[in-house]
Amino acid sequence: MNKIRLGDPGTFPLRKVLREDGFGCIEGFEEARIPSAETLLAIHRAMLTTRLLDDRMLKLQRQGRVGFVGTATGLEAAIHGSAAVFEPNDWVFSALREGGAAVQRGMPITEYVAHMFGNEEDTAKGRQMPNHPQCREVNYVSWSSVIGTQLPHAVGVAMAMKHRGEKAITCAYIGDGGTSSNGFHSALNFAGVHKAPVVFVVIDNGWAISVPSSSQTASRSYGAKGPAYGIPGEDVDGNDVLACLAATKAAARKAREGEGPSLICLRTYRMGGHSSSDDPTRYRSAEEVLHWEARDPLTRFENFLDAQGLLGVKEREACAAEITAEIGQAVTNAEAVGPPALETLVEDVWADPPLHLRRQVVEALRVVAEQGEAEAVEGRFPL
Ligand SMILES: Cc1ncc(C[n+]2csc(CCOP(=O)(O)OP(=O)(O)O)c2C)c(N)n1
C-alpha cells in the first residue's frame, strides 16, 4: 500500500508550471506563457462548478434523492486544464469523472442535473447510470461504464474525421485502472499506426477503486507507455492546472497539424471514495488523504489567481454563490419533473418496436393504471 507512487519526484519527471503553494510560477517559467485572464477565470469557474456540483450531488445521494455519484473532487485541475484546450467541433470521450468537462463545453447545468436524476428531461431518458452524461450539442459522448471502451470509440471518430479531411480532433480520457484494459492497448496501437488525431489523457488519481496506482503497472510511469506505441508520452503534475493546460495544448496542436496522437498522464489524487457506494477508509490511510487535501488543486489555482490580482476572496465568494444558486435552481427543477414515461422504454432501439415489446409496454401501463406504480412493483416483488 505504501509503495512509491508512479511519477513521484525522484522517480520520473513531471511537467510543472505552478509553485506547490500556487503563489506564482516555478522558477524559470516565462510570464509571457501565462494564458489570458479570461482563459484563467473561465477554467477556474469550470473547476469550482465541478467542485460544487459534486458536493451537492453527493449530498442528494446520501438523502436518497439521486441514485449514484462518482465525484471528481481533487481532479478539477486535471479535468478542466485539459478539457479547456478542445474546440467546440472536437469530440470528448470520457470515463466516470469528467462530466464537468461537458458543462465546461456548454452543457447546461439543468441538463446535467436532469441526467443525475434520470428524469423526463434527461436526454438519456433515465437509461444511463448517473454521472454518465451525454451532450450532443457539445460533442460530449456518454461513457459505456465498461472500462476502456471509450478509447477505441475516440480513435474511430478521430479516424473518421481524418478520412473526411475535417480539422477536428478527439480527446479520450481514461483512468489509471483503465490503462490495464484491452481498449487502452488497441486504441493506442491503432492510433499510433494510423496517426489518428487523438489526445489520450490518463487521469492517474492514485486509485482504481481499491487498487493503488503503484500496483497497476510495472512501467515507471503511464506517460512512458506512449513511446512503446510510437506515440509521444509525458507525465504532468495533475494538480497544477497550468501544466495540464500546457501539456494538453501541445498534444492537441500535434493532433490538429497531422502529427498524430499523444499520451499525457495527469497525476493527481481522488479525494473522495470511488463512488457513493465505496468506503475508502477500508483501503487507504487518513494520513494519505490529508497529504493530498493539503495540495488541493483548486486552492493552489486560487492562490495563483489571487497573487495575479485576478480573483480575491470576495470575487471567489460571489462566483461560488452564483454557481450554487444555479445548481439549486437546477435541483428544484429536476425534482419537479417526473420520471420518463413508461412507454419510452421501447423507443430509440427499433424503428417499429416488435410485437413482444409492444405487448409488454401495454401490459405495464395496464397494471400501473389499475394498481398505481408502487403497488405494481410490490406485486412483482412480494416482501
Ligand atoms: C471491464 C470492466 N471491468 C471492471 C469494471 C468495474 N470497475 C468500475 S470502475 C473501476 C476502476 C476504474 O479505475 P480507474 O480507471 O483508475 O478510474 P477511476 O474510477 O479511478 O476514475 C472498475 C474496476 C468495469 N466497469 N468494467
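Each remark here, short or long, concerns the structure printed above.
On a predicted model such as this, the values are computed, not experimentally measured, just so you know.

A. Quick look at the packing of helix 1 (residues 37-62) against helix 11 (residues 313-336). Interhelical geometry of helix 1 versus helix 11 gives an angle of 45° and a closest axis separation of 10 Å. It follows from the interaxial angle that helix 1 and helix 11 lie oblique. Relative to helix 11, helix 1 is oriented so that their crossing is right-handed. From helix 1, Arg45, Leu48, Thr49, Leu52, Leu53, Arg56 and Leu60 reach across to helix 11, where they touch Cys319, Ala320, Ile323, Thr324, Ile327 and Val331. Grouping the amino acids of the contact of helix 1 with helix 11 by side-chain chemistry returns 9 nonpolar, 2 polar and 2 charged.

B. The arrangement of the site of the ligand in detail. Inspection of the region around the ligand gives 16 residues, with Ile147, Gly175, Gly177, Gly178 and Ala208 positioned closest. For the shell around the ligand, the per-class residue count stands at 7 nonpolar, 6 polar and 3 charged.

C. Representation of the environment of Pro280 in the model. By secondary structure assignment, the location of Pro280 is in the loop between strand 8 (262-267) and helix 9 (286-293). Take Pro280: there are 17 C-beta atoms within 10 Å of it, and that puts it in the partly exposed class. Each C-alpha atom of the pair Pro280 and Ser210 lies 7.4 Å from the other, and the pair is 70 residues apart in sequence. In this structure Pro280 touches Gly273 and His274, once residues within four positions along its chain are discounted.

D. A look at the nonpolar core. Residues Ala172, Val198, Phe200 and Val201 are the most contacted members of the largest nonpolar core, which totals 90 residues. Ranked by residue count, the leading element in this core is helix 8 (residues 241-256), at 10 residues. Look past the residues within four positions of Val198 in its chain and what remains in contact with it is Ala154, Val155, Ala158, Ile169, Thr170, Ala172, Ala191, Ala255 and Pro261.

E. Geometry of the pairing of strand 3 (residues 170-175). Of all 6 residues making up strand 3, 6 are buried, and the element is well covered by its neighbours. On strand 3, burial covers both faces: Thr170, Ala172 and Ile174 on one face and Cys171, Tyr173 and Gly175 on the other are all buried. As paired elements, strand 1 (residues 91-93) and strand 3 share 3 bridges and run parallel to each other. When the bridges of strand 3 are listed, Trp91 appears paired with Thr170. Note: strand 3 against strand 4 (residues 198-204), 6 bridges, orientation parallel. Pairing of Tyr173 across the sheet is with Val201, part of strand 4. For the crossover from strand 3 across helix 6 (residues 182-194) to strand 4, the handedness is right-handed.

Conventions we followed
- Residues numbered from 1 in each chain as written.
- Predicted model: local features only at pLDDT ≥ 70, side-chain atom pairs only at ≥ 80, totals over all residues.
- Axes fitted to C-alpha atoms, helices over the stretch in contact; angles between N-to-C directions.
- Helix = DSSP H or I, 4+ residues; strand = E, 2+ residues; numbered from the N terminus.
- Parallel < 35°, antiparallel > 145°, perpendicular 65-115°, else oblique.
- Left-handed = near helix turned anticlockwise from the far one by under 90°.
- Contact = placed C-beta atoms within 7 Å.
- Nonpolar A, V, L, I, M, F, W, Y, C, P; charged D, E, K, R; others polar.
- Near = placed C-beta within 6 Å.
- Buried ≥ 20, exposed ≤ 12 C-beta atoms within 10 Å, placed from the backbone.
- Core = buried A, V, L, I, M, F, W, Y, C linked by C-beta atoms within 7 Å.
- Pairing = 2+ DSSP bridges.
- Right-handed = clockwise from strand over helix to strand, strands pointing away.

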